[in-house]
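Fold and contact review
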Amino acid sequence: MARGEYDRWLLLAILTLACFGVVMITSSSIAVADGEHIGAFYYLRRHLAFLLIGGGLMWAAAHVELRLVEKYHFLLVLGAVALLLAVYLPGVGIRINGARRWLNLGVTGFQPVEAVKIVVVVYIASYLVRHREGVEEKFFGACKPVIVALLFAVLLLAQPDFGSAALILAVSVGMIWLGGARMRNLFLMALPLIPLGAWVAMSQDYRIQRLTSFLDPWKDPFANGFQLTQALIAIGRGEWFGVGLGASVQKLFYLPEAHTDFILAVIAEELGLVGVLLVLGLYALLVSRGLLLGLRGVAVGQRFAAYVAFGISLTIGLQAMVSVGVNLGVLPTKGLTLPLISSGGSSVVMTCAMLGLLLRASYEITRAERQRARAGVRDAAAVTAEAPA
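Below, the structure is looked at part by part.

Conventions adopted
- Residues numbered from 1 in each chain as written.
- Predicted model: local features only at pLDDT ≥ 70, side-chain atom pairs only at ≥ 80, totals over all residues.
- Heavy atoms only, no water.
- Helix = DSSP H or I, 4+ residues; strand = E, 2+ residues; numbered from the N terminus.
- Rg over C-alpha atoms; globule rule 2.2 N^0.38 Å.
- Buried < 20%, exposed > 50% of the residue type's maximum accessible area, 1.4 Å probe, protein only.
- Lys, Arg positive; Asp, Glu negative; His and termini not counted.
- Charge placed at Lys NZ, Arg CZ, Asp CG, Glu CD.
- Pairing = 2+ DSSP bridges.
- Phe/Tyr/Trp six-rings, centres within 6.5 Å; stacked < 30°, edge-to-face > 60°.
- Patch = residues over 30% accessible without salt bridge, like charges linked within 9 Å, V, L, I, M, F, W, Y side chains within 5 Å.
- Areas by Shrake-Rupley, 256 points an atom, 1.4 Å probe, with all protein chains shown as cover.
- Salt bridge = Lys/Arg side-chain N within 4 Å of Asp/Glu carboxyl O.

1. A few points about the overall build of the protein
Summing up its helical and strand segments, the protein has 14 helices and 3 strands in all. Relative to its length of 389 residues, the protein is compact, with a C-alpha radius of gyration of 22 Å against a globular reference of 21 Å. Taking the principal axes of the C-alpha coordinates as reference, the protein spans close to 85 × 45 × 40 Å. Counting the 389 residues in the protein, one finds 48% classified as buried. Across the protein, the mean location of the 31 positive side-chain charges is 7 Å away from that of the 23 negative side-chain charges.

2. Description of the sheet that holds strand S2 (residues 99-104)
With respect to topology, 3 strands assemble into an open sheet ordered S1-S2-S3, the strand pairing being antiparallel. Both outer strands of the open sheet, strand S1 (93-96) and strand S3 (109-110), are each paired with one neighbouring strand and no more. Pairing of S2 with S3 involves 2 bridges; the strand directions are antiparallel. Each bridged residue has a counterpart across the sheet, and for Leu103 the counterpart in S3 is Phe110.

3. Comments concerning the packing of aromatic side chains
Under the criterion given, the structure shown has 4 aromatic pairs. When the centroid spacing of 5.1 Å and the interplanar angle of 80 degrees are considered together, the rings of Tyr42 and Tyr43 count as edge-to-face. Judged by centre distance (6.4 Å) and plane angle (35 degrees), the ring pair of Tyr307 and Phe310 falls under tilted. One end of the pair, Tyr307, and the other, Phe310, are both in helix H13 (residues 303-328), 3 residues apart, so they sit about a helical turn from each other. Note on accessibility: Tyr307 and Phe310 belong to one class, buried.

4. Details of a nonpolar patch on the surface
A cluster of nonpolar side chains, Val64, Leu68, Tyr72, Phe74, Leu75 and Leu78, forms an exposed patch at the surface whose accessible area comes to about 560 Å². Ranked by residue count, the leading element in the nonpolar patch is helix H4 (residues 73-86), at 3 residues. Along the chain, the position of Leu68 falls in helix H3 (residues 66-71).

5. Some points on unusual backbone geometry
Backbone torsion omega between Gln159 and Pro160 reads 0 degrees, so that peptide bond is classified as cis. Position of Pro160 among the secondary structure elements: in the loop between helix H7 (139-157) and helix H8 (162-178). With a phi angle near 50 degrees, Glu239 is a residue other than glycine that sits in the positive phi range. Mapping Glu239 onto the fold places it in the loop between helix H11 (226-238) and helix H12 (263-299). Of note in the backbone geometry, Glu257 takes a positive phi value of approximately 55 degrees without being a glycine. Looking at the element boundaries, Glu257 is found in the loop between H11 and H12. For Glu257, a relative accessible area of 40% translates into the label partly exposed.

Printed below as a string of structure tokens:
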């Protein structure tokens with residue numbers, strides 16, 4: 001039996017982003033940690049610990065046959081629902097800034113939505129394999145997985161977490177389109193979702209403030225527009241080549257969440273446009289390799305691996321795009337981190353696990369390609385042997 005191979009360019013992009021993230025978290029978090037009197041390198045040590053755990057999960061996921069993941073997709077869905085409901089249990093769920101998004105694990109907190117992102121990708125990939133004809137031909141066949149994703153979105157909105165809910169729905173629709181759904185059916189599906197999304201976005205005062213403040217943050221630069229104006233100042237100071245690694249001024253208590261949501265602004269200030277383009281290039285490499293793997297997987301009949309590759313690539317790409325857009329002021333502020341670069345706990349761990357599945361998909365797709373190539377060689381040799389002299 002032929003052996004597969006992990007995609008080297010994909011692995012290079014992952015490792016480079018992770019190492020770059022360690023450098024930038026070191027630079028952006030020292031002042032924050034020092035100001036909180038918890039030790040200058042607290043956030044760095046914390047990030048490295050979660051990165052080590054995530055690396056272990058990545059290794060494990062990269063060595064699990066995807067057929068086992070596909071087999072237990074329904075149990076994974078039930079587990080994800082249970083996690084989202086567990087945030088409401090007294091003593092288990094944690095309320096932070098008015099939102100119930102965290103579970104208390106004793107030594108640390110865990111954000112269930114990070115696991116839900118993986119589960120949704122696995123479920124839709126399994127559905128697309130089992131109901132390929134229905135997705136390609138029938139309207140309800142394409143709607144069913146979106147309905148399941150919508151149920152997850154409702155649970156997330158109740159926390160509330162509008163950004164993650166929108167991300168999951170966007171990834172779900174993208175996977176269904178890549179799975180062969182007709183554009184007409186997707187358009188009909190979007191007709192009720194667009195006004196529903198607009199109503200949800202306008203249903204809370206703080207969401208309206210975010211939508212209006214990003215359009216003109218300088219109108220109220222010391223209140224609703226404070227985060228974005230400070231981020232734009234940091235980006236403007238960086239110019240082409242930045243002010244130098246570690247020399248950011250905005251991270252010194254001016255820019256909120258400098259080591260998490262707004263770490264790209266620190267990158268822009270310290271490394272300039274060149275640094276930002278480097279980050280965008282790495283994400284482009286990761287996402288493009290993932291999408292290419294998906295196309296190769298469909299070609300060799302490894303559809304579950306292909307759809308997993310599609311879903312994970314879309315998740316990483318869209319989340320990075322939203323985070324970059326928020327930092328640049330072209331999108332409203334959302335609590336989405338920059339994958340593998342922003343400081344975090346559950347987000348770092350689950351992103352590594354997700355990328356482990358992507359690496360496994362590359363292994364299995366490569367294995368199928370080699371098996372097909374060997375079969376072609378054997379067939380050609382048999383034909384040659386049977387041909388008359």
